[in-house]
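Each chain is listed here by its residues.
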Amino acid sequence: MSYVNIWIHAVWGTKNRYPFLTKELRPQVFYHIKTNAKQKGIYLPFLNGYDDHVHALISLQADQNIANLMQLIKGESSYWFNQQHWIRGKFEWASEYYAASVSQSLLPVVKEYIRTQEEHHRKMNFAEECQEILREFLKYQDLETTP
C-alpha cells in the first residue's frame, strides 16, 4: 500500500477578478465546493476566500494530479453556481490558478492564513496578495534577486 503525504495550497480567482463571491454567497459556495470535493474523493479540509478568489488546502492522493483536481473543483462549482441563478450572465472562474506544495511543518501557518482571509483582505487586494505569494515563493527558492 502506498503512503502519500502531499499537501497543496491552491488559489484561484473569478474571471476578470469580478467580486461575485459576496459575504452572503461565500458560505454557500464554499460549502458546495467542499461537499462536491468529498464526493469526488478529494480531501479538502480547509477552504476560504474573499470576494474574487478562493484558497484551499488539498491533500493530494496517489492517484490524483493538480490539473485534474482543479478542473473537477472549478468546473463543477462554476456549473453549480450558474444553476443557482444568483447573478445575471454567466459565472466563471479564471482559467489560471496557483498551487504550491506545503511542508508538514508549515500546515498550521497555511491553515491560519486560509482561515483569516477576510481579515487579510482588509489590508491588501488580490493582486497585492499574488505579488506577496510570489515574493515568498522566490525567497524560499533562493531565487529572489536584489535590485
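One can find the structure itself at the top, above this paragraph.
Everything quoted here is computed from the prediction, not taken from an experiment.

### So, the overall build of the chain
Alright, step 1. Helices and strands together make up the secondary structure of the chain, namely five helices and four strands.
Alright, step 2. Along the chain, from the amino end to the carboxyl end, the secondary structure elements read β-α-β-β-α-β-α-α-α.
Alright, step 3. Counting only residues that meet the buried cut, the chain has 40% of its 147 residues in that class.
Alright, step 4. Summing over all exposed atoms, the chain offers an accessible surface of approximately 9,300 Å²; the carbon and sulfur share of this is 52%.

### Remarks on the packing of aromatic side chains
Alright, step 1. A complete count under the given rule lists nine aromatic pairs for this structure.
Alright, step 2. With a centroid separation of 5.3 Å and an interplanar angle of 85 degrees, the aromatic rings of Trp80 and Trp86 are classed as edge-to-face.
Alright, step 3. For Trp80, a relative accessible area of 18% gives the class buried.
Alright, step 4. Plain terms: the ring middles of Phe81 and Phe91 are 4.0 Å apart, the flat faces sit at 25 degrees to each other, and that makes the pair stacked. Of this pair, Phe81 sits in helix H2 (residues 66–83) while Phe91 sits in the loop between H2 and strand E4 (93–102); the two residues are 10 residues apart in sequence, bridging distant segments of the chain. Phe91 matches Phe81 in its accessibility class, with the two residues each being buried.
Alright, step 5. Ring pairing ties together the aromatic residues Trp12, Tyr18, Phe20, Trp80, Phe81, Trp86, Phe91 and Trp93, which thus form one cluster.

### Describing the sheet that holds E4
Alright, step 1. One open sheet accounts for four strands, arranged E2-E3-E1-E4; its pairing is antiparallel. Each edge of the open sheet is held by one strand with a lone partner, namely strand E2 (43–50) and E4. Taking each pair of neighbouring strands and ignoring which way they run, the sheet shows an average axis angle of 20 degrees.
Alright, step 2. Bridge analysis of strand E1 (residues 6–14) against strand E3 (residues 53–60) gives eight bridges, and the strand direction is antiparallel.

### Regarding unusual backbone geometry
Alright, step 1. One non-glycine residue, Asn16, lies in positive phi territory at about 60 degrees.
Alright, step 2. Of note in this structure, Arg17 is not a glycine but carries a positive phi near 55 degrees.
Alright, step 3. With respect to the helices and strands, the residue Arg17 is situated in the loop between E1 and helix H1 (26–39).
Alright, step 4. A relative accessible area of 43% places Arg17 in the partly exposed class.

### Describing the nonpolar core
Alright, step 1. Residues Trp12, Ile33, Leu44, Leu47, Ile58 and Phe81 are the most contacted members of the largest nonpolar core, which totals 24 residues.
Alright, step 2. Listing elements by their share of this core, those giving two or more residues are E1, H1, E2, E3 and H2.
Alright, step 3. Here the element with the most residues in this core is H2; it accounts for five residues.
Alright, step 4. When neighbours within four sequence positions are excluded, Ile33 is seen to be in contact with Trp12, Leu44, Leu47, Ile73, Ser77 and Trp93.
Alright, step 5. Trp7, Leu107, Val110 and Ile114 belong to the second-largest nonpolar core, a separate cluster that totals six residues.

### Some words on the pairing of E1
Alright, step 1. E1 sits mainly inside the fold: eight of its nine residues count as buried.
Alright, step 2. Across seven bridges, E1 lies against E4 in antiparallel orientation. From the neighbouring strand, Ile8 faces E4, where its bridge partner is Ser101.

Definitions and cut-offs
Residues numbered from 1 in each chain as written. Predicted model: local features only at pLDDT ≥ 70, side-chain atom pairs only at ≥ 80, totals over all residues. Heavy atoms only, no water. Helix = DSSP H or I, 4+ residues; strand = E, 2+ residues; numbered from the N terminus. Buried < 20%, exposed > 50% of the residue type's maximum accessible area, 1.4 Å probe, protein only. Areas by Shrake-Rupley, 256 points an atom, 1.4 Å probe, with all protein chains shown as cover. Phe/Tyr/Trp six-rings, centres within 6.5 Å; stacked < 30°, edge-to-face > 60°. Pairing = 2+ DSSP bridges. Axes fitted to C-alpha atoms, helices over the stretch in contact; angles between N-to-C directions. Core = buried A, V, L, I, M, F, W, Y, C linked by side-chain atoms within 4.5 Å. Contact = heavy atoms within 4.5 Å.

Treat this as a map of the structure, not an account of what it does.
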